[in-house]
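The residues making up each chain are set out below.
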Amino acid sequence: MVAPLQRVIVKRPEEAFQSSDSDSIAREWQPLGYTRPPDFNRASRDHREFVSLLATAGTEVLYLPADHRTGLDSIYTHDPVLITEAGAVIFQTGKPARRAEGPAFADALAKWGVPIFGIVDGAATAEAGDMVWLDSHTLLVGRGFRTNAAGVETLSALLQPLRVDVIQVQLPYWKGANEVLHLMSFISLLDADLAVVYRRMLPVPLFEILSGKGVLLVDVPEEEVDTLGCNALALAPRNVVMAGGNPITRSRLEAAGCRVSEFDGSEICLPGAGGPTCLTRPLLRG
């Protein structure tokens, strides 16, 4: 999750929101649990700014096409699929309104020549926002409202031939099933030995795993949790992109040796509680 980002998939507001008029936004934002309706024109501007940071880092950017099966949440390309060395694993999302994103993503991957390694479906649900690669053979998977027990079990069986050890992390109830709470809501890995975290939400077993691996924890203060201080994207080890409005977290990351770039996430991050990691599906790192 921290090697130099070479190729990434994003989806622009133009395709995720379907149109520049207010109809789709007005229809979807409350059922999807957004805190307010995003402004289309400002969202498009913010997304261009974000993508420019990726491109400046030398990352090839691929764009998901518009798809009538998906809605506002499809701007968060991280969740419907997990990329492994053998191909993509397509998820049935825990959020029912996002269930069509997996099949739509699979169609796009096929056009780009990316093989499908497996599918999590049936009674199983999973979202990649609940997944953090500690290394190439260790995957942390948050067990919560979005990724259920059957999802963890199915994913573990799928990844076994790849010699991937899936470690289940129990997530808290927090604010209930209707809230966006992923494992990556309170931890982002920024180097092999560095993570930004909201420590109060860290399960004790996860804290012990990170401590045992010698991972330095940079703490997000209480006042920067809702502004997504925990959600930071590694373009390379200690080369970080984060949403603006988190000055304390930024200063702490810089003190830990990080180079930090910011973008305005007021329309593409805050309303839907999805930061830069959520906005990206890394396809190739190395």
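What counts and what doesn't
Residues numbered from 1 in each chain as written. Predicted model: local features only at pLDDT ≥ 70, side-chain atom pairs only at ≥ 80, totals over all residues. Heavy atoms only, no water. Salt bridge = Lys/Arg side-chain N within 4 Å of Asp/Glu carboxyl O. Buried < 20%, exposed > 50% of the residue type's maximum accessible area, 1.4 Å probe, protein only. Helix = DSSP H or I, 4+ residues; strand = E, 2+ residues; numbered from the N terminus. Polar contact = N/O pair within 3.5 Å; in protein donor to acceptor, adjacent residues only side chain to side chain. Contact = heavy atoms within 4.5 Å. Expected span 1.5 Å × (residues − 1). Pairing = 2+ DSSP bridges. Axes fitted to C-alpha atoms, helices over the stretch in contact; angles between N-to-C directions.

Caption draft 1: Highlighting the pattern of salt bridges. The full count for this structure, using the stated rule, is 19 salt bridges. The salt bridge partner of Asp46 is Arg45, with a shortest N-O separation of 2.9 Å. According to the relative accessible area criterion, Asp46 is buried, its value standing at 0%. In this structure Arg45 comes out as partly exposed when scored by relative accessible area, which is 37%. One salt-bridge network, in which partners are shared between bridges, spans Arg36, Arg42 and Glu267.

Caption draft 2: Spotlight on the side chain of Thr84. Note on placement: Thr84 falls in strand S3 (residues 81-84). Polar side-chain contacts of Thr84 include one of 3.1 Å to the backbone nitrogen of Ala86. The residues contacting Thr84, other than those within four sequence positions of it, are Val89, Phe117, Leu159 and Leu162.

Caption draft 3: Region of the structure containing helix H3 (residues 40-56). Look at H3: 24 Å from first C-alpha to last across 17 residues, which is about the 24 Å you get at 1.5 Å a residue. Within the span of H3, buried status applies to Phe40, Ala43, Ser44, Asp46, His47, Phe50, Val51, Leu53 and Leu54. Where H3 begins, the side chain of Asp39 points an oxygen toward the backbone nitrogen of Asn41, at a separation of 3.3 Å. A positive phi of about 90° marks Gly58, the residue just after H3.

Caption draft 4: View of the environment of Pro65. Structurally, Pro65 can be placed in the loop between strand S2 (60-63) and S3. Once the C-alpha coordinates of Pro65 and Gly129 are considered, the two residues, 64 residues apart in sequence, prove to be 21 Å apart. Look past the residues within four positions of Pro65 in its chain and what remains in contact with it is Lys11, Glu15 and Ala108.

Caption draft 5: The arrangement of the environment of Glu179 in detail. Checked against the element boundaries, Glu179 lands in the loop between strand S8 (165-170) and strand S9 (187-191). With 167 residues separating them in the primary sequence, Glu179 and Arg12 have C-alpha atoms 24 Å apart.

Caption draft 6: Summary view of unusual backbone geometry. In this structure, Leu228 is a non-glycine residue whose phi angle is positive, near 70°. Here Leu228 lies in the loop between strand S11 (216-219) and strand S12 (232-236). Looking at Leu228, the relative accessible area reads 11%, which means it is buried. In this structure, Arg238 takes a positive phi of about 65° despite not being glycine. Here Arg238 lies in the loop between S12 and strand S13 (239-243).

Caption draft 7: View of the sheet that holds strand S1 (residues 5-10). Read from one edge to the other, the open sheet built from 3 strands follows the order S2-S1-S15, with strand pairing classed as mixed. Looking at which strands have only one partner, the edges of the open sheet turn out to be S2 and strand S15 (281-285). Across the sheet, the mean angle from the axis of one strand to that of its neighbour is 20°, orientation sign disregarded. Pairing of S1 with S15 involves 4 bridges; the strand directions are antiparallel. Opposite Leu5, over in S15, you have Arg285 as the bridge partner.

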